[in-house]
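The lines below spell out each chain.
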Amino acid sequence: MKLLFVASELAPYAKTGGLADVVAALPKTLARAGHDVRIVVPLYDTAKLDGVTLTQVAELTIPLGSHRYPVRVLALGTAPTIYFLHCPPLYARGRLYTSDADEHRRFLLLSYAALELCGRLDFAPDVVHCHDWQAALIPLLLKTIYARDRHLAGARSLLTIHNLNYQGGFPDSIGPDTNLTHVAHLFHQELLKAGRVNFLLQGILYADGVSTVSPTYAQEIQTPAHGAGLDGFLRARKTTVVGILNGVDYDEWSPENDRYLPARYSAADRSNKAICKQALVESLGLPYVPSAPVVGIVSRMASQKGFDLLGEVLPGLLQRNGFQLTVLGSGEPGLEDMFTRLQRAFPRQVCFYQGFSNKLAHQIEAGADMFLMPSRYEPCGLNQLYSLRYGTVPIVHKTGGLADTVRPWHPRTRTGTGFVFEHHDAAGVRWALQAALATYRDPPAWSRLIDNGMAADFSWDRQARRYEYVYEKLIGTDR
Ligand code: ADP
Ligand code: GLC
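In this text the structure is predicted, and so the values were computed from the model without any measurement.

Regarding the overall build of the protein chain
Point 1. Regarding its fold elements, the protein chain presents 17 helices and 17 strands.
Point 2. Expressed along its principal axes, the backbone C-alpha trace of the protein chain runs to roughly 65 × 45 × 40 Å.
Point 3. Every one of the 479 residues in the protein chain was classed for burial, and the buried ones make up 58%.
Point 4. Expressed as a percentage of contacts within the protein chain between residues at least 6 apart in sequence, the contacts between residues at least 24 apart total 73%.
Point 5. Roughly 19,000 Å² of accessible area belongs to the protein chain as shown, and the carbon and sulfur atoms make up 51% of that amount.

Things to note about the sheet that holds strand β3 (residues 55-64)
Point 1. Strand order across the open sheet formed by nine strands is β3-β4-β5-β2-β1-β6-β7-β10-β11, with mixed pairing between neighbours. The open sheet is flanked by β3 and β11 (241-243), the only strands paired with a single partner. Direction aside, neighbouring strands of the sheet carry axes that sit 25 degrees apart on average.
Point 2. Alignment of strand β6 (residues 127-131) against strand β7 (residues 156-161), held across five bridges, turns out to be parallel. By the bridge assignment, V128 is partnered in β7 with S157.
Point 3. Each of β7 and β10 (209-212) is contacted by helix α6 (residues 199-206), which is oriented at about 135 degrees to β7, the strand it contacts most.
Point 4. Packing against the sheet, helix α17 (residues 460-475) makes contact with β1 (2-6), β6, β7, β10 and β11, and its axis sits at approximately 140 degrees to β7.

Points about helix α15 (residues 426-440)
Point 1. With 15 residues, α15 extends 21 Å between its outermost C-alpha atoms, agreeing within 8% with the 21 Å of an ideal straight helix rising 1.5 Å per residue.
Point 2. Every buried residue of α15 is accounted for by A426, G428, V429, A432, L433, A435, A436, L437, T439 and Y440.
Point 3. Contacts made by the buried residues of α15 are with α9 (273-283), α10 (310-320), β15 (370-373), β16 (393-397), β17 (419-421) and α16 (443-455).

What to know about the pairing of β3
A regular strand carries its side chains on alternate faces of the sheet.
Point 1. Note that β3 and strand β4 (residues 67-76) share nine bridges and pair antiparallel. Counted as the bridge partner of T61 is P70 from β4.
Point 2. Following β3, the chain reverses through two residues before pairing antiparallel with β4; G65 in that reversal takes a positive phi of roughly 60 degrees.

What to know about the site of ligand 1
Point 1. For ligand 1, the set of nearby residues contains 22 residues, the closest of which are K15, G18, R300, K305 and G355.
Point 2. G18 places a main-chain nitrogen or oxygen 2.6 Å from an oxygen atom of ligand 1.
Point 3. Within the side chain of D21, a nitrogen or oxygen atom sits 2.9 Å from an oxygen atom of ligand 1.
Point 4. Protein contact buries 94% of the 560 Å² of open area that ligand 1 shows by itself.
Point 5. Of the residues contributing to the shell around ligand 1, the split by class is seven nonpolar, ten polar and five charged.
Point 6. Lining the shell around ligand 1 are residues from two domains, each supplying at least three of them: domain 1 (2-247 + 461-476) and domain 2 (273-457).

A word on the nonpolar core
Point 1. Residues L310, F339, F419 and Y471 are the most contacted members of the largest nonpolar core, which totals 105 residues.
Point 2. Looking at which element gives the most residues to this core, the answer is α15, with eight residues.
Point 3. When residues no more than four places from it in sequence are discounted, the contact partners of L310 are I297, P315, M338, F339, L372, P374 and V429.
Point 4. Counting 65 residues, the second-largest nonpolar core is a separate cluster that includes L96, A114, Y146 and V183.

Quick notes on the packing of aromatic side chains
The way to describe two aromatic rings as a pair is by their centre distance and the angle between their planes.
Point 1. Here the structure, examined in full by the defined rule, presents 14 aromatic pairs.
Point 2. Ring plane angle 15 degrees and centroid distance 6.5 Å describe the contact between Y217 and Y377, whose orientation is recorded as stacked. Residue Y217 is found in helix α7 (residues 215-220), and its partner Y377 is found in the loop between β15 and α13 (383-389); the two are separated by 160 residues along the sequence.
Point 3. Among the residues examined, Y217 registers a relative accessible area of 1% and is labelled buried.
Point 4. A ring pair is formed by F307 and F339, whose centres lie 5.6 Å apart and whose planes are at 75 degrees; its orientation type is edge-to-face. In this pair, F307 sits in the loop between β12 (294-301) and α10 while F339 sits in helix α11 (residues 333-345), placing the two residues 32 residues apart along the sequence. The same class applies to F307 and to F339, which are both buried.
Point 5. Over the face of the ring belonging to F123 we find R38, whose NZ or CZ atom lies 4.1 Å from the ring centre.

Some points on the environment of N358
Point 1. Mapped onto the secondary structure, N358 falls in helix α12 (residues 358-367).
Point 2. Sequence spacing of N358 and Y260 is 98 residues, and the spatial spacing of their C-alpha atoms is 8.9 Å.
Point 3. Setting aside chain neighbours within four positions, we find N358 in contact with W253 and Y260.

Regarding the sheet that holds β17
Point 1. Taken in spatial order, the six strands line up as β14-β13-β12-β15-β16-β17 in an open sheet, and their pairing is parallel. Of all the strands in the sheet, just β14 (350-354) and β17 have a single pairing partner and so form its edges. On average, adjacent strands in this sheet sit at an angle of 15 degrees to one another, irrespective of strand direction.
Point 2. Of the strands in this sheet, β15, β16 and β17 are in contact with α15, which crosses β17 at around 165 degrees.

Focus: α9
Point 1. Restricting attention to buried positions, one finds in α9 the residues K273, C276, K277, L280 and V281. Looking straight down α9, one finds that the buried residues subtend no more than 120 degrees of arc, so they occupy a single side.
Point 2. At its buried positions, α9 is contacted by β12, β13 (324-331), α12 and α15.
Point 3. Just past α9, the residue G285 takes up positive phi, approximately 80 degrees.

Thresholds applied
- Residues numbered from 1 in each chain as written.
- Chains lettered and ligands numbered in written order.
- Predicted model: local features only at pLDDT ≥ 70, side-chain atom pairs only at ≥ 80, totals over all residues.
- Heavy atoms only, no water.
- Helix = DSSP H or I, 4+ residues; strand = E, 2+ residues; numbered from the N terminus.
- Buried < 20%, exposed > 50% of the residue type's maximum accessible area, 1.4 Å probe, protein only.
- Contact = heavy atoms within 4.5 Å.
- Areas by Shrake-Rupley, 256 points an atom, 1.4 Å probe, with all protein chains shown as cover.
- Pairing = 2+ DSSP bridges.
- Axes fitted to C-alpha atoms, helices over the stretch in contact; angles between N-to-C directions.
- Expected span 1.5 Å × (residues − 1).
- Near = heavy atom within 4 Å.
- Polar contact = N/O pair within 3.5 Å; in protein donor to acceptor, adjacent residues only side chain to side chain.
- Nonpolar A, V, L, I, M, F, W, Y, C, P; charged D, E, K, R; others polar.
- Domains from an automatic or database assignment.
- Core = buried A, V, L, I, M, F, W, Y, C linked by side-chain atoms within 4.5 Å.
- Phe/Tyr/Trp six-rings, centres within 6.5 Å; stacked < 30°, edge-to-face > 60°.
- Lys NZ or Arg CZ within 6 Å of the ring centre and 35° of its normal.
- Arc of directions from axis to C-beta.

As far as function goes, none of this settles anything; it's purely spatial.
Dropping the structure here:
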């Protein structure tokens, strides 16, 4: 199959979260399976491209309403080939996402340039795989402006929703910039009357297929509680909404071959995990106490992640139990402040590293004993999957992909891979943390728990086959 991926993130060049990992790993797996996969992403000024040679393959001019943007398309690699869109007026902002007045144009450009590029490269994709709101207008473009295009008339679209709460909602004054005013009747009319345009909704309405990143989240988003106002539209398309769990790129995330670790280990011999633990806490300026469990957090600091529960729970637990907490992340100031205060109150137990560091993310996965994800909602979540591989026991809220991937520990049967709390409240997370800390004090049980987690397999091969099946079904149906 010929597959075109369009997304706003791609690891390691442009990453704020799991989307980047997925857009790197899934095409890689599909290309290995023999498909012709191309990826189109913006070339942000923050992209780390040291030692990488890019080749210019096209120059485009993309009109968006009264604006015109010259774009240089720079290619990297084969199978899959990555096409970076070099357009400094839109992508040189010091960060991936902004709340600037032209934010909609930054990703309209991505969408149009990806489609225009197909003609230039003489590439006729069978499926255009669009990720999140940034690419969600593509299905409508395919059904209108590109409906008779030589390279695109036969293309089907799949929209994957990685997070329903980021929708790309804009005032209707952006209408002319979409180049779609001649088909304004195809925009959701009630919303338009209210003066709004919603990119993700347009994608849900017009994509040939809609998927999300775990089976449980696929169900949750069809309910008012998790539907973020779009559940009705998703229910209306429920036969086309599928949940495919993300996988893990074990080339990148495995303690056997992780280049960021001071020592490697495997399920067969975990002894070097202690070296990783000591290196982690000491590099963060905490005393190394071999018997003290280390709890890790690596995350965007967003309300989605549920850390607000911790402000009430952690001080008491830290005081009574001698565990340590290593936190990596940045985002909402209120959450950052909470971790800064904890660090000040417990300087020998808590270290909060504010920022983004791929290296430290790997070191926390390896060096911590437990990994905490009290997410309010979680479409899939990757860190709990990485944690399982690194023998780092996940403590999670039972939601979305966390519910699908972490099996609760049962001391009697010695089955399960982590600690799962059902109610998203302080009592829930306190119970789960206490249960984890108590089990840590029972070494045979703890060891079994780690073995169970390390034996789990979330490789992409199996998941990519599910996408292949979805693509094949889309190709086989009329538009
Ligand atoms: P989300 O996509 O909602 O942020 P995921 O669990 O799917 O959550 O993926 C998060 C990804 O981003 C993981 O690869 C994680 O290691 C990485 N990550 C998040 N915050 C940071 C950070 N501050 N520094 C380095 N990596 C981070
Ligand atoms: C989103 C979700 C996260 C998911 C990731 C990759 O950022 O918040 O749960 O793992 O996308 O699909």
